[in-house]
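Descriptive analysis of the structure
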Amino acid sequence: MATYQNWYPDLTFIKQGNSDLKFAVDLKTTYRDEEYPEFCNGFTLGSHGEYFINRTSTKNIQYPYKDYTGHFCLGIIYKSSFAEKLDETKIYTVEEVGNIPAVIHNFIFFAEEKWHIASDKGGSGNTANIGSIQKIDDILSGNGVFAKAGEELFDDYWANFGKMEILTAKGEYKKLSSFLEYLNYRGLPTNLNNPKALKGERKREW
């Protein structure tokens, strides 16, 4: 377990007899989008700040980032019952415990390396967190934005996120805000980009 609640990762697994073999595991939960049930709300995948950039840093991380052999997410995607207008004031007897409606249900569990399910957008407003993709099938299959490019480019993109600048058609400089812009900036093949699915696709019931 992490020493502090806001440290990365939630869990560190160390091979018995070989303390050099460490795996980072972050626990994630998110809910399905009621309007687009093939998508979830998404989640953060850790910071792209100090410990991600300086991989020997011990700030807000259990062990230096470079010490981990792999970084994984173990997560749950669930459906919320809050939109179903439950009677929260109803009183149940002990004999009726089995009739109490669950506030969340339809669980899907997943385990993926975090770079496999990463987006190229931040995961929260004013903090330096990596965002996840949101289409559920893509999360389950590890089909994130960097799936074709690999972990090395994922690392470089996020280590430089918010820093690199490009010249726009208007003659103004702007910070890179997408993996496609990054590939163009680096002179790399644009087919390494794996655009994330967007909401608005055909809906289906769960």
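Rules of the game
Residues numbered from 1 in each chain as written. Predicted model: local features only at pLDDT ≥ 70, side-chain atom pairs only at ≥ 80, totals over all residues. Heavy atoms only, no water. Pairing = 2+ DSSP bridges. Helix = DSSP H or I, 4+ residues; strand = E, 2+ residues; numbered from the N terminus. Axes fitted to C-alpha atoms, helices over the stretch in contact; angles between N-to-C directions. 1 Å grid on protein atoms, 1.4 Å probe; cavity = no way out; pocket = protein on both sides within 12 Å on 5 of 7 lines; lining within 4 Å. Points joined across faces, edges and corners; volume = space filled by probe spheres on them. Nonpolar A, V, L, I, M, F, W, Y, C, P; charged D, E, K, R; others polar. Contact = heavy atoms within 4.5 Å. Salt bridge = Lys/Arg side-chain N within 4 Å of Asp/Glu carboxyl O. Buried < 20%, exposed > 50% of the residue type's maximum accessible area, 1.4 Å probe, protein only.

**What to know about the sheet that holds strand S1 (residues 11-15)**
Reading across the sheet, the 4 strands line up as S1-S2-S4-S5 and stay open at both edges, with mixed pairing between neighbours. Each edge of the open sheet is held by one strand with a lone partner, namely S1 and strand S5 (104-113). For this sheet, the mean inter-axis angle between neighbouring strands, taken without regard to orientation, is 20 degrees. Bridge count for S1 against strand S2 (residues 18-31) is 5 bridges, and the pairing is antiparallel. The residue bridging Lys15 from the neighbouring strand is Asn18, located in S2.

**Observations regarding the layout of surface pockets**
To find leftover empty space, a probe the size of one water molecule is rolled over the atoms. Estimates place the volume of the largest pocket at around 350 Å³. Forming the boundary of the largest pocket are 19 residues, of which Asn6, Gly46, Ser47, Tyr51 and Asn129 lie nearest the centre. When residues of the lining of the largest pocket are traced back to their parent elements, those giving at least two are S2, strand S3 (44-47) and helix H1 (50-53). Among the residues making up the lining of the largest pocket, the classes are represented as 5 nonpolar, 9 polar and 5 charged.

**Remarks on the sheet that holds strand S6 (residues 118-122)**
Spatial ordering of the open sheet is given by S3-S7-S6, a layout of 3 strands whose pairing is antiparallel. Each end of this open sheet is capped by a strand with a single partner; those strands are S3 and S6. Neighbour-to-neighbour, the strand axes of this sheet turn through a mean angle of 35 degrees, independent of strand direction. Judged from the 2 bridges that link them, S6 and strand S7 (residues 129-132) form a sheet pairing that is antiparallel. Residue pairing across strands places Ala118 opposite Ser132, the latter belonging to S7. The strands touched by helix H3 (residues 151-159) within the sheet are S6 and S7, with S6 carrying the most contacts at an inclination of about 5 degrees.

**With respect to the pattern of salt bridges**
Tallying each qualifying case throughout the model produces 6 salt bridges. Of the charged contacts in the structure, one is a salt bridge between Arg186 and Asp156, with a shortest N-O distance of 2.7 Å. Taken as a pair, Arg186 in helix H4 (residues 179-186) and Asp156 in helix H3 lie far apart in primary sequence, 30 residues in all. A relative accessible area of 38% means that Arg186 is categorised as partly exposed.

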